[in-house]
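# An overview of the molecular structure
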Amino acid sequence: MNLIKNLEWRYATKKFDATRKVSKEDINKIKRCIQLSASSYGLQLYKVLIIEEKVLREKLKPYAWGQNQITEASHLFVFCNYSKIKFEDVDSFINNVKATWNIASTELQGYGDFIKQKLNEKTEIENANWLMKQTYIALGNLLTACAELKIDSCPMEGFEPDKFNEILGLHKKGLNVSVIATIGYRDNADKTQFLSKVRKPLDDLFIEMKYNE
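Quick look at the structure, then.

### Structural notes on the pattern of salt bridges
When charged atoms on two side chains of opposite charge get close, those side chains can pair. As enumerated under the stated definition, the model contains seven salt bridges in all. In this structure, Glu-72 engages Lys-15 in a salt bridge whose closest nitrogen and oxygen atoms are separated by 3.6 Å. Taken together, the residues Glu-72 in helix α4 (residues 69-72) and Lys-15 in the loop between α1 (2-9) and α2 (24-35) connect sequence positions 57 residues apart. The class for Glu-72 is buried, based on a relative accessible area of 18%. Taking the relative accessible area as the measure of exposure, Lys-15 reaches 30% and is therefore partly exposed. With a closest N to O distance of 3.7 Å, Lys-118 and Glu-121 form a salt bridge. Taken together, the positions of Lys-118 and Glu-121, both in helix α6 (residues 109-121) and three residues apart, correspond to about one turn of that helix.

As structure tokens, this is what we get:
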């Protein structure tokens, strides 16, 4: 599998070559892979900001622990979950299904009501956690897509969400930053690329379960 080789090739890049840029064509491929990510009920209750402009990234850098990847990378991806769940979002999804599959609304009414019921059963904290988890699925697709395209990446949780929200004006848009990632091309001086990948052995990571009566 080329995928395994490409995943073995990728690592959390610590130093990017600031002179190299990811092409528009490859950015579009990454966007498509994120768009195709799985999400609970298929709702995709998040937005992904793509920031190339250096001035804006310089403003964000102090609130990302001063990490150089923020400004040295080609692009910064900011994954933002919806701050709150609205039933209108479910209705919008149902309408999208209706248009895509060319079926009557009556055939989807029950599914829409089911989703609303399940979301309504969650507490506010449970919904907030659930919304944030959805972005991590999309992040996984970004990392895999980059590996396939031989584009370097670094997922990052070391930042201050409130400051990012403030600078990017996200609360006004009903959004909240959950996780970020930088992409670009590794610098030859990044020694991390030469280190062996550290992972648990398969036997330690997986448990094959069997049913015993």
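### A short note on the sheet that holds strand β3 (residues 152-156)
Ordered by their spatial adjacency, four strands build an open sheet running β1-β2-β4-β3, and the pairing between neighbours is antiparallel. At either margin of the open sheet sits one strand with a lone partner, and together these are β1 (46-51) and β3. Strand-to-strand twist of the sheet, defined as the mean angle between neighbouring strand axes without regard to direction, takes the value 25°. Two strands pair when backbone bridges link them, and β1 and strand β2 (residues 75-82) are joined in this way by six bridges, in the antiparallel orientation. Within β2, the residue paired with Val-48 across the bridge is Phe-79. In the packing of helix α7 (residues 124-148) onto the sheet, the strands contacted are β1, β2, β3 and β4 (175-184), and the crossing angle to β4 comes to about 10°.

### A look at the environment of Ile-4
Inspection of the secondary structure assignment puts Ile-4 in helix α1. Put simply, Ile-4 and Glu-148 are 144 residues apart on the chain and 9.6 Å apart in space, counted from C-alpha to C-alpha.

Analysis parameters
Residues numbered from 1 in each chain as written. Predicted model: local features only at pLDDT ≥ 70, side-chain atom pairs only at ≥ 80, totals over all residues. Heavy atoms only, no water. Salt bridge = Lys/Arg side-chain N within 4 Å of Asp/Glu carboxyl O. Helix = DSSP H or I, 4+ residues; strand = E, 2+ residues; numbered from the N terminus. Buried < 20%, exposed > 50% of the residue type's maximum accessible area, 1.4 Å probe, protein only. Pairing = 2+ DSSP bridges. Axes fitted to C-alpha atoms, helices over the stretch in contact; angles between N-to-C directions. Contact = heavy atoms within 4.5 Å.

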